[in-house]
Amino acid sequence: MRKHVSLGLAALLAAAALTACSGSGSTATSAETTAAQTEAAETEAASSEGETEAAETPAELEKIVVGASPAPHAEILEAAKPILEEKGYELDIREYTDYVQPNNALEAGDLDANYFQHLPYLESFNEQFGTHLASAAQIHYEPFAVYPGKTASLEELPDGATVAVPNDVTNEARALALLEAQGLLTLKEGAGLEATKNDIAENPKNLQITEIEAAQLPRILPDVDIAVINGNYAIDAGLNMSDALAVEDSESIGATTYPNVIAVREGDENTDKIKALVEAITSAEVKSFMEETYQGAVVPLF
């Protein structure tokens, strides 16, 4: 009897053990399946998120580095920035306050272009320093103007008055031409775009022509009777065209000979980035910006 009971109990325990083992195996398999499903879902979600981020992240913009005088050139370039972004370019504007460093930086390859100078100055710079720079486009001209210092009008200009002009060759010639147009002096015949005070043939008021670095002209204005000042430096100093005693005529040598240009290294005039830069600056939006902002102190040539 005991033997039969023991055998029955053993069989019962074996069956229970088999049931328990079977249950444990089923649970493990279920857990593994759930983990695998979770991992697959997470992978799919990450992949989907990555695709979304890729779709939302814009393509990297190609950089264009341009040197410019603070006003008006850097301001005009700022107005062109959004247009260039639409074309796939990021505009990096480097500001300079003189006429030498931006050309040296361009020649050295630190800039893709610069925008601060007129064409005769660019050509004179190449000849003087042996650089290899070229105009990619003519953008605008800035009328030279005579501004009052110690003397309030040209009619009141005394004998021996001190008149400040830019000291670089092309800009001095332009300043002297403006003074000549006002009847204040007469230049030697043929002096042209390289005239200096040594080319003055007649000086009835015995004007004392003082050659000053162009950027310094607005600062020394209180110390002279009058000064002939480049448009960009006049704008930067807050001088208004309405305060000028005389301004270059639209048919003057300044309007026809001194366009401000986008300068590049020779051979880069037709690269994609320079074409995009020129198209942006000569857009209708930027033209409107020039006309509305500078009120005649910057005249678009497009």
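Rules and cut-offs
All chains use their own residue numbering, which begins from 1 and follows the written sequence. The model is predicted, so local features are restricted to residues of pLDDT at least 70 and side-chain atom pairs to those at 80 or more, both for listing and for counting; the totals for chains, interfaces and linings are taken over all residues. Side-chain metrics rest on all non-hydrogen atoms present in the structure, leaving aside hydrogens and water. Here, nonpolar core refers to any group of buried Ala, Val, Leu, Ile, Met, Phe, Trp, Tyr and Cys residues whose side-chain atoms link them within 4.5 Å. Burial here depends on accessible area, computed with a 1.4 Å probe over protein chains only, as a share of the maximum for the residue type. Under 20% is buried, over 50% is exposed, and the range in between is partly exposed. By the criteria applied, helices consist of DSSP H or I runs no shorter than four residues and strands consist of E runs no shorter than two, each listed in order from the N terminus. Any pair of residues with heavy atoms lying within 4.5 Å of one another is described as a contacting pair. Any two of the Phe, Tyr and Trp rings considered here, Trp counted by its six-membered ring, make a pair once their centres fall within 6.5 Å; the pair's planes then place it as stacked at under 30 degrees, edge-to-face at over 60, or tilted in between. What pLDDT expresses is the predictor's confidence in each residue, scored from 0 to 100. Here a salt bridge means any side-chain nitrogen of Lys or Arg lying within 4 Å of a carboxyl oxygen belonging to Asp or Glu. DSSP-based pairing: two strands are paired if at least 2 bridges between them are found. Throughout, an axis means a line fitted to C-alpha atoms (over the contacting stretch in the case of helices), and angles, computed between N-to-C directions, take values from 0 to 180 degrees. Expected span of a helix, by definition, is 1.5 Å for each gap between consecutive residues, and there is one gap fewer than residues. What the bend at a residue measures is the angle between two axes, fitted to the seven residues ending there and to the seven starting there.

Overview of the nonpolar core
Okay, so step 1: Of all hydrophobic cores here, the largest spans 50 residues; its most connected members are Leu77, Leu277 and Ile281.
Okay, so step 2: Per-element accounting of this core gives the leading share, seven residues, to helix α2 (residues 70-86).
Okay, so step 3: If we skip the residues at most four places from it in the chain, Leu77 touches Val66, Ala68, Leu91, Ile93, Tyr115, Leu277 and Ile281.
Okay, so step 4: Listed in part, the 24 residues of the second largest apolar core include Val163, Leu187, Ala191 and Ile209.

A closer look at the packing of aromatic side chains
Okay, so step 1: For the coordinates displayed, the defined rule picks out seven aromatic pairs.
Okay, so step 2: Ring geometry for Tyr121 versus Phe125: centroids 6.0 Å apart, planes at 45 degrees, classification tilted. One end of the pair, Tyr121, and the other, Phe125, are both in helix α4 (residues 119-129), four residues apart, so they sit about a helical turn from each other. The pair Tyr121 / Phe125 is uniform in exposure class, with both members buried.
Okay, so step 3: When the ring of Phe125 is compared with that of Phe129, the centres are 4.5 Å apart and the planes differ by 40 degrees; the resulting orientation is tilted. Of this pair, Phe125 and Phe129 both sit in helix α4, four residues apart, which is roughly one turn of that helix.
Okay, so step 4: Put simply, the rings of Tyr99, Phe116, Tyr121, Phe125, Phe129 and Tyr233 pair up and form one aromatic cluster.

Topic: the confidence of the model for the protein chain
Okay, so step 1: Residues of the protein chain with pLDDT of at least 70 account for 81%, and the chain-wide mean is 85.
Okay, so step 2: Contacts for the low-pLDDT stretch residues 1-36, under 50 throughout, to residues beyond four places or in other chains number zero contacts.

Quick look at the pattern of salt bridges
Okay, so step 1: As enumerated under the stated definition, the model contains seven salt bridges in all.
Okay, so step 2: Linking Glu279 and Lys87 is a salt bridge whose minimum nitrogen-to-oxygen distance equals 3.0 Å. Of this pair, Glu279 sits in helix α9 (residues 272-281) while Lys87 sits in the loop between α2 and β2 (89-95), and the two are 192 residues apart along the sequence.
Okay, so step 3: For Lys87, a relative accessible area of 36% puts it in the partly exposed group.
Okay, so step 4: One salt bridge in this structure joins Glu248 and Arg174, with 2.7 Å as the shortest N-O distance. Pair noted here: Glu248 is in the loop between β11 (246-247) and α8 (253-257) and Arg174 is in helix α5 (residues 169-181), with a separation of 74 residues, a long-range link.

Brief notes about the sheet that holds β11
Okay, so step 1: With mixed pairing, five strands are arranged side by side in an open sheet as β9-β6-β10-β5-β11. Whereas interior strands pair on both sides, the edge strands pair on one side only; in this sheet they are β9 (208-212) and β11.
Okay, so step 2: Pairing of strand β6 (residues 162-166) with β9 involves five bridges; the strand directions are parallel. In the strand pairing of β9, Ala164 is matched with Thr210.
Okay, so step 3: The sheet strands contacting α5 are β5 (145-148), β6, β9, β10 (226-229) and β11, and the helix crosses β6 at an angle near 140 degrees.

Quick notes on α2
Okay, so step 1: Taking 1.5 Å of rise per residue, 17 residues should cover 24 Å, and α2 covers 24 Å from first to last C-alpha, within 8% of that figure.
Okay, so step 2: The largest bend along α2 reaches roughly 40 degrees and is located at Ala80, with the proline Pro82 sitting one to four residues downstream.
Okay, so step 3: For α2, the full list of buried residues reads Pro70, Ala71, Pro72, His73, Ala74, Ile76, Leu77, Ala80, Ile83 and Leu84.
Okay, so step 4: In the stretch just after α2, Gly88 is the one whose phi turns positive, near 95 degrees.

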